[in-house]
Amino acid sequence: MNVSGPLFNLLVFLGVLVLAYVLFRPTKGWFWLVANSVKTNQKVITEDVLKQLYTLENQGEHILKKEVVNSLQYNDSTLEGVIATMAENGLVDEPSQGEIRLTALGRDYALKIVRVHRLWEKYLAEKTGFDKTEWHARAEKMEHQLSHEETNVLATELGNPIYDPHGDPIPSHSGEYADIDGAHLNDLPVDTVGKIVHVEDEPEVYYRQILAENIHIGSVIRVVENTDRRVLFYAEGEEFILAPEVARNLTIEVFETQEELEELAVRLSALGTGEKAEILGISKECRGDSRRRLLDLGFVKGTPIQIDLVSPLQNPKAYLVKGTTIALRDDQAAKILIKKM
């Protein structure tokens, strides 16, 4: 079909208008979507750099810009550009060739990001059923999305907690935060008695090993052996062995007197067939709906308990509590503390 010259020109003109609308439509056109995406990415990268600098500075290190660039999973040239913009905006200083550090303004901004991250981990632990291996990654995303006002609402909903589920202090809205009092497990001498008050979740490979060993924050421990090859300790009636580099991820509040050690506290998972015990309480590791469910089922302090039935594979086991038989998996029973009779 032949199209006359004027009609052809009109069709071309209309096509150009449609294309311009698609590209430059306010807020929803491709041009604006790409521009907003770049702006969002710059914000995310900036906040990731700030948090990384905050972490390294708290470890007392002099930080090289090259180390920061290598530690974050972004294009090197992109990071260099973002860091240059951060310096122009007064968030970071470069006091000498190759070094970088936070300014007071940058540290305040970093604390806000850390606050959102740790509050969100607390929310995931207390209010959802997500596994603890997912908390960090999910909080990494949410820390860039909540506004300052939304963060304060979240803190209020959680009761303005001081520590996150790993024992890290949560900064207040004004930037104040508590200290972690304790020493790394691998630095403690034999016969030291104390309580696990912090579990470092990075590097992830060490954290996953700690989770696999079923080691809980809040558990009372006694160091039995500490060498350059392994750290052996007892906690709640069970023996644990960790490599020194993994043990370093556990911070222990050391007890000054032996009176603070509950020698008879063991995990329900260690109860044998025919043995009788009394419930001392539920570990702090058990949170939210899981904790409330156990309390509703009768797992309260002072209640007598014993094994009623054992499955062919030894897991789960059924426990007799207040005349009722209740089945628990070993990982659930490990969060209930008892005193054997």
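Below is a short write-up of the structure. (Residues numbered from 1 in each chain as written. Predicted model: local features only at pLDDT ≥ 70, side-chain atom pairs only at ≥ 80, totals over all residues. Heavy atoms only, no water.)

**Quick look at the overall build of the protein chain**
Thought 1: Scanning the protein chain from N- to C-terminus turns up eleven helices and 14 strands.
Thought 2: Total accessible area on the protein chain is roughly 19500 Å²; 54% of this is exposed by carbon and sulfur atoms. (Helix = DSSP H or I, 4+ residues; strand = E, 2+ residues; numbered from the N terminus. Areas by Shrake-Rupley, 256 points an atom, 1.4 Å probe, with all protein chains shown as cover.)

**A few points about the pattern of salt bridges**
Thought 1: If you walk through the whole model with that rule in mind, you get 19 salt bridges.
Thought 2: Of the charged contacts, one joins E285 and K132 as a salt bridge, the two residues approaching to 1.9 Å between their closest N and O atoms. With E285 in the loop between β10 (276–282) and α10 (288–296) and K132 in helix α6 (residues 132–142), this residue pair connects regions lying 153 residues apart in the sequence.
Thought 3: We classify E285 as buried; its relative accessible area is 9%.
Thought 4: A salt bridge links D331 to R329, with the shortest nitrogen-to-oxygen separation between them at 3.1 Å.
Thought 5: Put simply, K51, E140 and E143 are held in one network by salt bridges that share partners. (Salt bridge = Lys/Arg side-chain N within 4 Å of Asp/Glu carboxyl O. Buried < 20%, exposed > 50% of the residue type's maximum accessible area, 1.4 Å probe, protein only.)

**Some words on the sheet that holds strand β8 (residues 250–254)**
Thought 1: Read across the sheet, six strands follow the order β3-β8-β4-β5-β6-β7 without closing on themselves; strand pairing throughout is antiparallel. The outermost strands of the open sheet, each flanked by one partner alone, are β3 (183–184) and β7 (238–242).
Thought 2: When strand β4 (residues 193–199) meets β8, the two strands line up antiparallel, connected through five bridges. Paired with V199 across the two strands is L250, which belongs to β8. (Pairing = 2+ DSSP bridges.)

**Re the nonpolar core**
Thought 1: Counting 21 residues, the largest nonpolar core has V49, L53, V68, M86, I100 and L102 as its most contacted members.
Thought 2: Residue assignment for this core shows that the elements contributing at least two residues are α2 (30–58), α3 (65–71), α4 (76–88) and α5 (104–127).
Thought 3: In terms of residues, this core owes the most to one element, α2, which gives six residues.
Thought 4: For V68, the residues in contact, after removing those within four places along its chain, are V49, L53, L56, I63 and I100.
Thought 5: Among the nonpolar cores identified, the runner-up in size contains 20 residues, and I210, L211, V223 and L242 belong to it. (Core = buried A, V, L, I, M, F, W, Y, C linked by side-chain atoms within 4.5 Å. Contact = heavy atoms within 4.5 Å.)

**Side note on a nonpolar patch on the surface**
Thought 1: Taken together, the side chains of I162, Y163 and I180 define a hydrophobic patch exposed on the protein surface, amounting to about 260 Å² of accessible area.
Thought 2: For Y163, the position within the fold is in the loop between α7 (148–157) and β3. (Patch = residues over 30% accessible without salt bridge, like charges linked within 9 Å, V, L, I, M, F, W, Y side chains within 5 Å.)

**Things to note about the sheet that holds strand β13 (residues 324–328)**
In a beta sheet, neighbouring strands are held together by backbone hydrogen bonds and run either parallel or antiparallel to one another.
Thought 1: Here we have six strands laid out as an open sheet, ordered β9-β14-β10-β11-β12-β13, and antiparallel in their pairing. Edge positions in the sheet fall to β9 (265–267) and β13, since each of these pairs with one other strand and no more. In this sheet, neighbouring strand axes are inclined to one another by 45° on average, regardless of whether the strands run parallel or antiparallel.
Thought 2: In terms of strand pairing, strand β12 (residues 317–321) meets β13 through five bridges, oriented antiparallel. Considered in β13, the bridge of V321 is made with T324. (Axes fitted to C-alpha atoms, helices over the stretch in contact; angles between N-to-C directions.)

**Points about the packing of α5 against α7**
Thought 1: Viewed as axis vectors pointing N to C, α5 and α7 meet at an angle of 40°, and their least axial separation amounts to 10 Å. By the angle between their directions, the pair α5 and α7 is classed as oblique. Crossing angle aside, the handedness with which α5 passes α7 is left-handed. Where α5 abuts α7, its residues K112, R115, V116, L119, W120 and Y123 lie against H148, T151, N152, L154, A155 and E157.
Thought 2: Residue composition of the contact of α5 with α7, by class: six nonpolar, three polar and three charged. (Parallel < 35°, antiparallel > 145°, perpendicular 65-115°, else oblique. Left-handed = near helix turned anticlockwise from the far one by under 90°. Nonpolar A, V, L, I, M, F, W, Y, C, P; charged D, E, K, R; others polar.)

**Some details on the packing of aromatic side chains**
Thought 1: In the structure shown here, the tally under the stated rule is two aromatic pairs.
Thought 2: An angle of 20° between the planes, with centres 4.9 Å apart, marks the rings of W120 and Y123 as stacked. A residue pair is termed a helical-turn pair when its members lie 3 or 4 positions apart in one helix, as W120 and Y123 do in helix α5 at three residues.
Thought 3: A relative accessible area of 22% means that Y123 is categorised as partly exposed.
Thought 4: When the ring of F233 is compared with that of F240, the centres are 5.4 Å apart and the planes differ by 25°; the resulting orientation is stacked. (Phe/Tyr/Trp six-rings, centres within 6.5 Å; stacked < 30°, edge-to-face > 60°.)

**As for the environment of N249**
Thought 1: For N249, the position within the fold is in the loop between α9 (244–247) and β8.
Thought 2: N249 sits 64 residues away from L185 along the chain, and the two C-alpha atoms are 7.7 Å apart.
Thought 3: Here N249 is in contact with H198, V199, E200, E202, P203, Y206 and I210, once residues within four sequence places are set aside.

**A short note on the pairing of strand β6 (residues 231–235)**
Thought 1: Counted residue by residue, β6 has four buried out of five residues, so it is predominantly covered.
Thought 2: Adjacent in sequence and paired antiparallel, strand β5 (residues 220–226) and β6 are bridged by four residues.
Thought 3: The pairing of β6 with β7 spans five bridges and is classified as antiparallel. Counterpart to F233 in the pairing with β7 is F240.
Thought 4: Here β6 folds back onto β7, and the loop between the two strands holds two residues, one of which, E236, carries a positive phi near 55°.

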